[in-house]
Amino acid sequence: MKKHSDMISFIVIGVVFVLLIGMNWGNYANIAQTVIWKLQGNTDVKAKENISSALKESFKFRDKFIDLYGVTKKALGENIIGEYEYVKDEMGVMQHILGTQPADQSNYIESVKNLLALLNERNIPCIDVNLPDRGQSFLAADKLEYSCKRNREIEDKIISFGVDEFNVQKRLVDAGIISQKDFFFHTDIHLTSKAEFLMAKYLTEYLTEKYFISFPNSDIVYDFNMYDWQDHDFCGNFCGSTGKKYIELDNFQTFVPQYETNMKLTLPDGNIRQGDFINVMTNQYTDEGSYWVLNYGQWSKLYYTYENLKYPNAPKLLVVADSMFMRANTFLALNTSRLTVFDPRYINGSEDAINCLLDDDYDAIIICHVEYFNNVKFAI
Amino acid sequence: MSFSTPVFLFLFFPLIILGYYLIHPKLKNAFLLIASLVFYAWGEPKFIVVFLVIILFNYFAGLLLGVDNFKYSRRMVLIPVLAGNIGLLFYYKYLMFSTEIINNVFDAGLTLKEIALPLGISFFTFRSISYILDVYWGTTRMQKNPINVALYISFFPQVSMGPITKSNVFLSQMNNRHWELNTFTCGIKRFIIGLAKKLIIADTLSAIVAPVFLMSADERTVVAAWYGMIGYCLQLYFDFSGYTDMAIGLSKMFAFETPENFNYPYIAKSITDFWRRWHITLGDFFKNYVYFPLGGSRKGNVYVNIFIVFFLTGLWHGAAWSFIVWGLWHGLFRLIEMAYKRSKIELKIPSVFKHLYVISVVAMGWVLFRADNLLSGVKYWGNLIGIGTTSFSDSYSLFTLKSTMNIFIIGIFFCFPVAKKTQELVRKKKELYNFVNNVLMTAIYVGLLLICIAYMQIGTYNPFLYNNF
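Here is what the cut-offs are and how they apply
- Residues numbered from 1 in each chain as written.
- Chains lettered and ligands numbered in written order.
- Predicted model: local features only at pLDDT ≥ 70, side-chain atom pairs only at ≥ 80, totals over all residues.
- Heavy atoms only, no water.
- Salt bridge = Lys/Arg side-chain N within 4 Å of Asp/Glu carboxyl O.
- Helix = DSSP H or I, 4+ residues; strand = E, 2+ residues; numbered from the N terminus.
- Buried < 20%, exposed > 50% of the residue type's maximum accessible area, 1.4 Å probe, protein only.
- Expected span 1.5 Å × (residues − 1).
- Contact = heavy atoms within 4.5 Å.
- Buried area = accessible area lost by both parts, 1.4 Å probe.
- Polar contact = N/O pair within 3.5 Å; in protein donor to acceptor, adjacent residues only side chain to side chain.
- Core = buried A, V, L, I, M, F, W, Y, C linked by side-chain atoms within 4.5 Å.
- Domains from an automatic or database assignment.
- Pairing = 2+ DSSP bridges.

A.B. asks: Quick question: what am I supposed to make of the pattern of salt bridges here?
C.D. replies: Pairing between side chains of opposite charge can happen when the charged atoms of each approach one another. Summed over the entire model, instances satisfying the criterion amount to 16 salt bridges over all chains. A salt bridge links Arg 345 of chain A to Asp 322 of chain A; the shortest N-O distance between them is 3.8 Å. You can see Arg 345 of chain A sitting in the loop between strand S13 (338-342) and helix H14 (353-357) and its partner Asp 322 of chain A sitting in the loop between strand S12 (316-320) and helix H13 (326-333), a full 23 residues away along the chain. You can call Asp 322 of chain A buried: its relative accessible area is 5%. When the shortest N-O distance is used, the salt bridge between Arg 190 of chain B and Glu 260 of chain B registers 2.7 Å. Residue Arg 190 of chain B is found in helix H9 (residues 181-214), and its partner Glu 260 of chain B is found in the loop between helix H10 (222-253) and helix H11 (271-277); the two are separated by 70 residues along the sequence.

Here you go:
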């Protein structure tokens, strides 16, 4: 009888294992190819990395296994993911933990100082969009570093030497225009579409109130009902580490203006797109599993410019931001004549990048600082 | 290459197991040797030459020591061979530490470049020594076939972290082992258990233990100090015993029987008992190759002999004062126990206090073992009773503790032989046992395997703790 039970275990476990290998047969072909290249003396091939990647990142049904990981973690009541890389806070919101040591922010601070000096010479206002603290209800926030906390520290510094502050927490969240819960996704580091829409709206109002910059199309652009909002189940960038079952899925709202638009996009390589909102300002994602955040803007480009051909005399803005402000940029662009987006993360050695972009006719420079800018120098 | 990586599980392991069972029986050992060298070279390509030199050195030394009518004193061979093995270990592991001591004491100003530590050097040196001494004492036959010696030293399931199988145990199976379904299945199950221990328990605890030990004494709260210490006790046990389970499981799949390394050490009632349950093969090595040759409890001063053994145990784990003091810390309690035993005083101490005593000594020892240096370890001890810390608790400590409470409970639960006892109990009810074993247990193993694969897909590489030694 013991022999039978051993046989059953042997067959069942063996079949499962063989199935897992069989499902990944394509990956083994890649591994074999890597080994052949290596044996042929191709020194460019990183054999270990390729092999590891074929069996990890390219593992068949990896997303299902990550879901299983999330289910197990949830069943065990664990709120810490990986090596304290992510945590689920008391509100069920994921936090990306960056360690315990404060970051060196000197490059960024110096760049903002240089930029401010340039802008003062040219009499262009500089406004920092100060995002709310994602970890506001996170008990362990005191001892841990995460993006919003680092942003807050750096923003306090740059405000102290003269950058104006548009405090989103105070103006939107504390004022009850949007709740903290509706501002952030649970499963993604970015902001909800509604949050970015409202940020653009209230920032525009602020620029008008304080700097008398007049925008021609605010009534239409910032009317929520002038868009076709579509809901999509969304599992954001934290899901890559926790799966879809660990936390409550989000709802991502895509939007298309229901009014006439005529836009132009110019990319650094000289490519130009012209047409309506969908053709110019979105990347036309349709797959339900898309990472919807990147449907807007031009991710991984150092800079790009939107021109609103309908309003050639509207204000001009330069926005220093990463993907955290991409949807806000689209709303701002619909209400300006020109909007240049500059993402310092993609600077490649050119420390004067922003100096080259600056010209005298910007009405304002908007900065939405993120932690990832800390190490870059972008203005001299 | 770590056993808990996809590369091992889905590439190396299937290729080797398939090759091993397809190849002609006479070539199996050679095949395993090549596999072992590839395994070693994957992780440490630059040390493969050193590794091969050690193997050849010990092979030829064994030949010399095993010659029947050797015209010189065999001791003349033994001493340089032992010195060679220990010297190499000293060079890689202790030279930097010794230089530091010399500089501190004599202000010598000696400088030395950083010396990288070859993977598993402490383990394969001890296996080499075991072979040499066993041949010298005649408890193992000299091996004419170099493959046998090479495979004993380099056998991939055991090369990096043991168990330190005695040469006669391993070599006797070299040409005398057969595939059995029961053994093979047992090996698979054992491997899965080890994988689960490592990935689900040890690595999860690692994430919360590491920050506690990184904190300075004044920022570590009392609560953090306690969960850090208990967490490390569990992490180390599940990490190392998990590796051992995998090593034993893999060995079984190649039809090798390997000695156990752990026997529920945290249920020990004395430090003497603890060392019979923790890293058993290391304890046996020191007992057979150091303690007994020193005279054991019969010749010489037994207290000095024990002191030497524990000093060496600490030193073997690492070239740092904290490891030495950790070894002596255990040695101190071992000596006290021996003195108590010899005094013939019999106190009736309830078992619960005996357990508490062992757990306290062991856990405090692990703090020294884990701390960056001796001073940090002592400060950590202070934190446990609120000395040198500014607060009893904070939100971070409470959050971390709450987030991992269930893993602590599971870890503590599996430190006791509950599963083993339950299976024994169920086995008595024969029909029920068959059902449970066939269906439920197989399902549990498959489930655990799938969960482990899921953990592998996420986890950043987390090396086994004893890889460092």
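A.B. asks: When you look at unusual backbone geometry in this model, what are you seeing that I'm missing?
C.D. replies: With glycine set apart, most residues show a phi of negative sign, and most peptide bonds adopt trans. Residue and element names in this part refer to chain B. In this structure, His 279 takes a positive phi of about 40 degrees despite not being glycine. Secondary-structure assignment places His 279 in the loop between H11 and helix H12 (280-294). Given a relative accessible area of 0%, His 279 falls into the buried group. Phi at Lys 344 takes a positive value of approximately 65 degrees, unusual for a residue other than glycine. Here Lys 344 lies in the loop between helix H14 (321-343) and helix H15 (351-370). Among the residues examined, Lys 344 registers a relative accessible area of 71% and is labelled exposed.

A.B. asks: Could you clarify how one ought to interpret helix H5 (residues 121-137) of chain B in this entry?
C.D. replies: Residues and elements named next belong to chain B. The terminal C-alpha atoms of H5 lie 24 Å apart, and with 17 residues this matches the ideal 24 Å at 1.5 Å per residue to within 8%. Among the 17 residues in H5, 16 count as buried, and that is most of the element. Directly after H5, the chain includes Gly 138, whose backbone phi takes a positive value near 80 degrees.

A.B. asks: How should the interface of chain A and chain B be read in this particular structure?
C.D. replies: A common way to report how large an interface is uses the accessible area buried once the components associate. Each partner contributes to the interface: chain A provides 51 residues, whereas chain B provides 57 residues. Contact with chain B buries surface across chain A, with Ile 13, Phe 17 and Lys 143 of chain A losing the most and accounting together for 14% of the total. Here chain A and chain B share zero salt bridges between them. At the junction of chain A and chain B, the tally comes to eight residue pairs in polar contact (both at pLDDT 80 or more). Elements supplying a minimum of two residues to the side of chain A that touches chain B: helix H1 (2-23), helix H2 (25-39), helix H3 (47-55), helix H4 (62-75), strand S2 (86-88) and helix H11 (239-242) of chain A. Of all the elements, H1 of chain A adds the most residues to the side of chain A that touches chain B, at 14 residues.

A.B. asks: Looking at this structure, I do not really get the nonpolar core. What am I missing?
C.D. replies: In a soluble, globular protein the nonpolar side chains are often hidden away together inside. In terms of nonpolar packing, the biggest core is built from 267 residues, with Phe 325 of chain A together with Trp 366 of chain B touching the most fellow members. The element contributing the most residues to this core is H10 of chain B, with 17 residues. Excluding its chain neighbours within four sequence positions, the residues that come into contact with Phe 325 of chain A are Val 129, Glu 196, Met 199, Leu 203, Val 319, Leu 332, Ile 366 and Cys 368 of chain A.

A.B. asks: In this structure, what is going on with the domain arrangement of chain A? I would like to understand it.
C.D. replies: For chain A, the domain assignment lists domain 1 (1-60) and domain 2 (95-373). Domain 1 of chain A and domain 2 of chain A are separated by 43 Å when their C-alpha centres are compared.

A.B. asks: Please clarify how the pairing of strand S9 (residues 263-266) of chain A should be interpreted in this entry.
C.D. replies: Along any regular strand the residues' side chains alternate between the sheet's two faces. All names here are of chain A. Only one face of S9 is buried: it carries Met 263 and Leu 265, and the other face, with Lys 264 and Thr 266, is open. Pairing of S9 with strand S10 (residues 272-275) involves four bridges; the strand directions are antiparallel. Paired with Lys 264 across the bridge in S10 is Gln 274. In this structure, the hairpin formed by S9 and S10 is closed by a connection of five residues, where Gly 270 is found at a positive phi of approximately 95 degrees. Direction of pairing for S9 relative to strand S11 (residues 303-308): antiparallel, over a ladder of four bridges. Counterpart to Lys 264 in the pairing with S11 is Glu 307.

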